[in-house]
Amino acid sequence: VQLQASGGGLVQAGGSLRLSCAASGSSFSINDMAWYRQAPGKQRELVAGLTRGGTTNYADSVKGRFTISGDNALKTGYLQMNSLKPEDTGVYYCNANYYRGSIKYNNWGQGTLVTVSS
C-alpha cells in the first residue's frame, strides 16, 4: 500500500491548509490513519489520529485548530489545519495501519512540507 500525502505549502500565521493522504494498492483494508509532523531539529510527533470507527485523537497543541477526517474506508484522509502558527511548521507525514487478510501492516507517506510564516 502506498500513501501519497499532498497539500502542504507556505501560509501566513492565522491561515489554513488542508492536507490529503491517498492510499493506493490492492486488497487492503485501512484500520486507522494518523498525521505526524517533524519540525527542524525535533523528533517526529503525532498530530492527529482517526480510526475507521470514527474515533479521533489530537495533540494538545492542535486541539481546536486541526480536524482529521477521511472517507468511510479511510482510503483518503484529510487534515484541515486552521489558525496556523509558526510552530506548526514542519514536514507532515501520514501513517496508516492496514490489513491484508489477517496480517497487519504499517506504512508511511512521503511527507509534505508546511511552512507558516509570522
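Up top you'll find the structure we're talking about.
Reading guide: rules and limits
Residues numbered from 1 in each chain as written. Predicted model: local features only at pLDDT ≥ 70, side-chain atom pairs only at ≥ 80, totals over all residues. Heavy atoms only, no water. Helix = DSSP H or I, 4+ residues; strand = E, 2+ residues; numbered from the N terminus. Pairing = 2+ DSSP bridges. Disulfide = S-S within 2.5 Å. Buried < 20%, exposed > 50% of the residue type's maximum accessible area, 1.4 Å probe, protein only. Axes fitted to C-alpha atoms, helices over the stretch in contact; angles between N-to-C directions. Polar contact = N/O pair within 3.5 Å; in protein donor to acceptor, adjacent residues only side chain to side chain. Phe/Tyr/Trp six-rings, centres within 6.5 Å; stacked < 30°, edge-to-face > 60°. Lys NZ or Arg CZ within 6 Å of the ring centre and 35° of its normal.

> Explain unusual backbone geometry here, please?
Glycine aside, the phi torsion of most residues is negative, and most peptide linkages are trans. In this structure, S27 takes a positive phi of about 50° despite not being glycine. The topology assignment puts S27 in the loop between β3 (17–24) and β4 (29–38).

> When you look at the pairing of strand β7 (residues 66–70) in this model, what are you seeing that I'm missing?
Side-chain positions along a regular strand alternate between the two faces of the sheet. Both β7 and strand β8 (residues 76–81) contribute to a ladder of five bridges, which runs antiparallel. By the bridge assignment, S69 is partnered in β8 with Y78. Hairpin connection, β7 to β8: the antiparallel pair is bridged by five residues, and L74 has positive phi, about 55°.

> I would appreciate a short explanation of the state of the cysteines in the present structure.
Here is the idea: a disulfide is a covalent bond, and it sits between the sulfur atoms of two cysteines. By the definition in use, this model includes one disulfide. Paired through a disulfide, C21 and C94 show a sulfur-sulfur distance of 2.2 Å. What sets the handedness of the C21 and C94 disulfide is the S-S torsion sign, and at about 65° it is right-handed. Highlighted residues: C21 in strand β3 and C94 in strand β9 (residues 90–100), separated in sequence by 73 residues. With respect to burial, C21 and C94 carry one shared label: buried.

> I'm lost on the sheet that holds strand β1 (residues 2–6) in this one. Help?
Paired through backbone hydrogen bonds, the strands of a sheet run either parallel or antiparallel to each other. Read from one edge to the other, the open sheet built from four strands follows the order β1-β3-β8-β7, with strand pairing classed as antiparallel. Pairing within the sheet leaves two strands with one partner each, and these edge strands are β1 and β7. The average undirected angle you get between the axes of adjacent strands in this sheet is 15°.

> Please clarify how the side chain of T89 should be interpreted in this entry.
The topology assignment puts T89 in the loop between β8 and β9. Polar side-chain contacts of T89 include one of 2.9 Å to the backbone oxygen of P86.

> What is the right way to read the packing of aromatic side chains from this model?
All chains considered together, the criterion is met by four aromatic pairs. Ring centres of Y93 and W108 lie 6.4 Å apart, and the angle between their planes is 90°; on these two criteria the pair is classed as edge-to-face. Of this pair, Y93 sits in strand β9 while W108 sits in strand β10 (residues 103–108), and the two are 15 residues apart along the sequence. Taking relative accessible area as the criterion, Y93 reaches 14% and is therefore assigned buried. Through successive ring pairs, a cluster of aromatic residues spans F28, Y98 and Y105. Above the ring of Y78, the side-chain terminus of R18 is found at 3.9 Å from the ring centroid.

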